[in-house]
Amino acid sequence: MKVINKLEEWVGGGLFLVIFAILLAQIVARQIFDSPLIWSEELARLLFIYVAMLGISMATRSQQHVYIDFVTNFMPPSLRKAVNSFVQLIIFACIFLFFHLGLNIFLDANFEMVSLGISEKWLYGALPLVSVLVFFRFLQAQVENYRNNLSYLPAMFFLVVTIVLLAVLFTNPDLYKALRITNYIKLGNNAVYITLLVWLVIMFLGTPVGWSLFIATILYFAMTRWNIVNSASSKLVDSLNSFPLLSVPFFILTGILMNTGGITERIFDFAKALLGHYRGGMGHVNIGASLIFSGMSGSALADAGGLGQLEIKAMRDAGYDDDICGGITAASCIIGPLVPPSIAMIIYGVIANESIAKLFIAGFVPGVLLTAALMTMNYFVAKKRGYPRSPKATLQQRCTAFKKAIWAVLTPLLIIGGIFSGLFTPTEAAVIAAAYSTIIGMFVYKELTIPMLFKSCVEAMAITGVTALMVMTVTFFGDMIAREQVAMRIAELFMAVADTQIMVLLMINLLLLFLGMFIDALALQFLVLPMLIPIAMHFGIDLVFFGVMTTLNMMIGILTPPMGMALFVVARVGNMSVSTVTKGVLPFLVPIFLTLVLITIFPEIITFIPNLLMP
């Protein structure tokens, strides 16, 4: 039983390390021996698909996929239980269709993977194969959700239904065609509107966002052209077959290694030695440490979770109130997705087919502006509340702190320098950052061990699984959006109200700020950008600028209830209530909004350096 329960961890963690080794070998072969490994990239992408899908399985067992629960939280317990049962039926249908469609595209695959010289069946086989494991984890989650004498009934129900459906499919495939809605009613242009309405309803009832996108798209094909669903479903796998997307798990791994290898503590001590003695010094230390850490992890929540505990404890010890401790920690963590490297920018670059290196450059100036704006507000808050200053560090203390942190501080220089000099691609830079963090943690600070490295890989895989499901299903959903030209319809609506770029940008900002209050930033990025990017192109808006602006806007969403993920993370690591953190973050929303307004009115702030360096 232990082998089954740990299957994803052992197989997925092992494959993650194999990908790590392959990409490191590729970098060495290309940079040192000038003899690239032709097969390395294709093999890494193939293995990544399996790792990502194993991460989906882990997230299914632990029920960690992104979902919206603020509506169900207001329901009485009996209704909430009924709605949850309905949601479980939807998830079951999604997993079954994952297997069914995956099996079809596996059987239809007949091309060869050029570099590896093997059939594409190895690529598409991941979907039906891992779907079986996902279904098993789903059944386990059902048993754990009902811990009483009837705990096995839901799992048995889903198992029996699965057996019946499989029997029908394999003995009488024509009967399956009876489920096509087009056999009974022709909905025409109304199908897409019904699909969007159903999607919104099931999503706000608590269906994980990824699964809601998938089942809504299936409904659309059932109402329109079911005969093309197999060709469209190949995008579920093709969406993960992306080399730039490979950078995401390695930047996540870098952030985890920073925490486990003792690097975050040294970053914080270095920031304290530099900034601790100014008015509001510990707040400045909090913000400054976030700026340094963001140059390594690229994740807002990694910053909040990794540095948060250290920052909050130090601020409390210095006499700061809990609301300001939590507020500054939450507000400063959004610097991460702006300053390179940035996971949000990587995802935007993949969706918009835009240069990730150019996006990295573009985010640097707004990141520094936001840092300065937050420090300014922190100064006035500290002055008003009369917070004491920390003793000024001596030159020797600063030198000692710098000496201890030098290896950590070099990480962003290594990443950014490698990308901008052309030595590394963003994906290779992520691998180098993870390797560098491993070396520092093991051999310099000596706080990282081999078992801890493996555990970090497993954790990175689990987090990647949440992102992977979103990537797969939003690409599938995007097929419907493209076929129905939804983006162009929205653009026409925008044109009826706005006739200038600035008005369009204002409307988009207001839309994202509103949606960000209810939808997680990661989900919002996948859901809305495929529709907004064509609108930006239609109005001649620079896509690099648009990426930075929307990233900052969506990061505000993690600071605003009811879906403010940063508020929840900071409250957890700081052992305080969410309302306390929310109260503390309110003053810091002012400089963040001002920064957003400034870059929206003057896009040149963002585009000047990228256009200068990469015309």
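Residues numbered from 1 in each chain as written. Predicted model: local features only at pLDDT ≥ 70, side-chain atom pairs only at ≥ 80, totals over all residues. Heavy atoms only, no water.

The chain goes by C4-dicarboxylate ABC transporter permease in an unreviewed UniProt entry, where it is assigned to Chelonobacter oris. For the chain, the Subcellular location (unreviewed entry) comment in UniProt is given as "Cell inner membrane". Annotation of the chain in UniProt includes, under Function (unreviewed entry), the sentence "Part of the tripartite ATP-independent periplasmic (TRAP) transport system." (UniProt positions renumbered as here; feature names shortened; annotations may be inferred.)

Caption draft 1: Structural context of the side chain of Thr60. Looking at the element boundaries, Thr60 is found in helix H3 (residues 40-62). Judged by relative accessible area, Thr60 falls into the buried class, the value being 8%. For Thr60, the residues in contact, after removing those within four places along its chain, are His65, Val134, Arg137, Phe138 and Ala141. (Helix = DSSP H or I, 4+ residues; strand = E, 2+ residues; numbered from the N terminus. Buried < 20%, exposed > 50% of the residue type's maximum accessible area, 1.4 Å probe, protein only. Contact = heavy atoms within 4.5 Å.)

Caption draft 2: Inspection of the environment of Ile541 at higher detail. One can find Ile541 in the loop between helix H26 (521-538) and helix H27 (543-557). For Ile541, a relative accessible area of 5% puts it in the buried group. As for Ile541 and Thr595, which are separated by 54 residues in sequence, their C-alpha atoms are 19 Å apart. The contact partners of Ile541, leaving out residues within four places of it in the chain, are Gln501, Val504, Leu505, Ala536 and Phe546.

Caption draft 3: Representation of the domain arrangement of the chain within the structure. Domain assignment breaks the chain into domain 1 (1-241) and domain 2 (265-450 + 486-613). Once you take the C-alpha centre of each, domain 1 and domain 2 turn out to be 31 Å apart. Here domain 1 packs against domain 2, burying approximately 1,500 Å² in sum over the two surfaces, 77% of which is carbon and sulfur. Taken together, the links from domain 1 to domain 2 amount to one salt bridge. Between Arg30 and Glu428 there is a salt bridge; the shortest N-O distance is 2.3 Å. At the surface where domain 1 touches domain 2, the tally comes to two residue pairs in polar contact (both at pLDDT 80 or more). Mapped onto the side of domain 1 that touches domain 2, the elements with two or more residues apiece are helix H2 (7-31), helix H9 (190-204) and helix H10 (209-223). (Domains from an automatic or database assignment. Buried area = accessible area lost by both parts, 1.4 Å probe. Salt bridge = Lys/Arg side-chain N within 4 Å of Asp/Glu carboxyl O. Polar contact = N/O pair within 3.5 Å; in protein donor to acceptor, adjacent residues only side chain to side chain.)

Caption draft 4: Broad picture of helix H30 (residues 604-613). Those residues of H30 not exposed but buried are Ile606, Thr607 and Pro610. Considered in projection along H30, the buried side chains sweep an arc of 75 degrees and stay on one side of the axis. Turned more than 90 degrees off the buried face of H30, the exposed positions are Glu604, Phe608, Leu612 and Leu613. For H30, the secondary structure elements touched by its buried residues are helix H20 (356-385), H27 and helix H29 (578-601). (Arc of directions from axis to C-beta.)

Caption draft 5: Up close: the pattern of salt bridges. Under the definition given, this model contains eight salt bridges. The partner of Arg266 in a salt bridge is Glu447, and the shortest N-O contact between them spans 3.3 Å. Of this pair, Arg266 sits in helix H14 (residues 263-275) while Glu447 sits in the loop between helix H22 (426-444) and helix H23 (450-483); the two residues are 181 residues apart in sequence, bridging distant segments of the chain. For Arg266, a relative accessible area of 17% translates into the label buried.

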